[in-house]
Structure formats: C-alpha cells, structure tokens
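Survey of secondary and tertiary structure
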Amino acid sequence: MFNPDQNRLAPTLAMIMAASLVGFITGYTVPLISLELAQQQIAPLYVGLLAALPPAGMMISSFLSPALCRRVEMGVLLSGSLILLALATIASCMTTDMTLLLLPRLLTGLASGVIIVLGESWITGGAAGSQRATLTGIYASAFTGPLLISVGPAWQASALMAIVAVTAVCLLMLRHLPTGTRESLGERASWRSLGAFLPVLASGVFCFAFFDASILALLPLYGMDKGLNEGMAVLLVTVVLTGDAMFQTPLGWLADRVGIRRVHLSCAVVFSLSLLALPLMLGSRIQLMAICLLLGAAAGALYTLSLVRAGKTFNGQKLIMI
C-alpha cells in the first residue's frame, strides 16, 4: 500500500498531529460536556448515550472508510475530515442543549473515525518492521490527547483556537502526501478474506474503546458519587490518559524486543487486575491515582499492540478494512 522509499516525513508527522487533534478533542469535549449536562441534572442514561455518539460515528465511518479510500485520494479525504472535525467540535462547544448536540457529536465521531483509520493504516503499514511497535506507540501516545482536561470550561476559547491552529498545520503538511493512493487501493477485499484474525483484533480494540468511552464520560461522575470533589474526579481521567500517553512508546519499544504477543498478553492481565482493584483504592488518593495510571497504560497497550499485529499481517485494502 505504502512505499517506504518515498518521502514520508511530512505525511507521517501530519498523521501523528491529526491523531493528536482527535485525542485533544475527545479528551477535552467528552468529559466537559458530560459534566455540563450533569450540572443541569440530566439523567446519567442520557449523558452516557450522548457520550456514545462519537464512538458510534467512528464505528459507522470504519465501514465507510474502505469504499471512500477507493474513490477519493487520501489527501483529499483526510483534509475534508479534518475540516469537518474542527467545525463539529466548535458547534459542540457552542451549546449545552442535548438536541442540538446530537448531530455535532455524531459528525465528530464520523470525521475522527476516518482520520484514525487512515492514520493507523499509514503508520502501521509503512513503518520499518523492527520499529513498527515503537512508531505505533508514538502515534498512539499522540492519539491519547492533552493532559489539561481538568481545567474545564475556563480554557474553552484557547482549546478551540488550538484546534483550528493544529487543523491548519495538518492541512499544510498533507500537501506532501504521495498521490496515487486511490489507485493503490483499487483492489477490493472481502471481509471473509480477513479470516480468524478479525474477531481477535476486534475484541482487543472493542475492549479498549468501551473502556475509553466509559472512562471519559462516566469516571468523573463515579468519583463524585463516591465523595470526590469535581476537580479530583476529573483529574482521575487525566491520570488515566497520562498513563496511556506515557507508556505506549516504552511498551512498543519493549514489544519490538521481547515479542509483541508476550507484551500484549501481559498488558491484558494487568488491565483486568487494575480494573478490579479500582473500587478498592477509593480510600487513598495516592493509591487511586497510581492504579489509574497503571490502568491507562495497560488499556492503551491493548489497542496499540492490536494495531501492530494487524500491520504485520495485512496491507493494502485489507489493512484499511482492519
């Protein structure tokens, strides 16, 4: 799919920045909107359903992306998705009315999904074999987003300006994306051709995606219900994202050296044990933050190493579908 001999520096940086933009938007808007709705005494059920719209949009876009890639040049598709993402995010921050938030949140997910699918395909498909997990870890760390979500609405204007600025830089760098990607993806691939690998990969990504959406939208509410103040409750999400961001590159480097399968399995065990231990740590803030840090690191690795294993196994249209 991708020719490693081409000049890949600017496009690769653009992909990483685009992933960072998606992470920035997700990490900032999901908990912020959830808390704002909770303050209006909106039922947690509706808060959760609204928080599920961006992931739902991502799921829809994942099925649309292979066909879009066959019909539209990657640079055009990515540029359009970045512009749509920025506009949908601005619209999401302009209202707290649930009805008016429905379409912007869904569009946020649709645009983010296309960006992530193409970015992950570019990174995992084009990285050198011996450094594949390390490079994917860097990409995943960028996707995690900012560590400033606990500052809340006071930084909303600055956050929106940063989104517009990063979008503009990405659009400029995508001009260096090699042309001809539509022709290189012209060969169709069936879902059946992905074989037994698909449910294995899907289970790992589903586990992380469900965890990610739940943590961002509901962990602050859970913490406040257990007696934590609002600042501390939102800080827990920041700590989880910090663990994710800090450890993806080291874990990717480790996987390149001791074996991806071994590290992947170990992270699954740590993730499960940390999740079970979380309710037991509410009495101590230090222990609570430590377990959240570990939880974020292990959960992120489930996702990162699933991508690495996909990139080692598939290429071209099959990799886009995966």
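Everything that follows concerns the structure shown earlier in this document.
Residues numbered from 1 in each chain as written. Predicted model: local features only at pLDDT ≥ 70, side-chain atom pairs only at ≥ 80, totals over all residues. Heavy atoms only, no water.

At their nearest, the axes of helix α10 (residues 230-258) and helix α11 (residues 260-277) sit 7 Å apart, and the two run at 135° to each other. As far as their axial angle goes, α11 and α10 are oblique. Facing α10, whose interface residues are L251, L254, A255 and V258, α11 presents I260, R262, V263 and C267. (Axes fitted to C-alpha atoms, helices over the stretch in contact; angles between N-to-C directions. Helix = DSSP H or I, 4+ residues; strand = E, 2+ residues; numbered from the N terminus. Parallel < 35°, antiparallel > 145°, perpendicular 65-115°, else oblique. Contact = heavy atoms within 4.5 Å.)

Counting residues in hydrophobic clusters, the biggest one holds 59 residues, and the most contacted among them are L118 and F211. Put simply, the parts of the chain that give this core at least two residues each are α1 (9-39), α4 (74-92), α5 (98-126), α7 (156-173), α9 (197-225), α10, α11 and α12 (285-313). Sequence-distant contacts of F211, that is, excluding residues within four places in its chain, are made with V240, F271, L275, L295 and A299. (Core = buried A, V, L, I, M, F, W, Y, C linked by side-chain atoms within 4.5 Å. Buried < 20%, exposed > 50% of the residue type's maximum accessible area, 1.4 Å probe, protein only.)

If you trace the backbone, T167 turns up in helix α7. On the accessibility criterion, T167 (5% relative accessible area) is buried. Setting aside residues no more than four positions away along its own chain, T167 makes contact with L21, L82, I83 and A86.

Our next topic: the environment of A18. Here A18 is to be found in helix α1. Spatially, the C-alpha atoms of A18 and V169 are 9.4 Å apart, while their sequence positions differ by 151 residues. Residues contacting A18, with those up to four places away along its chain left out, are L82, I115 and C170.

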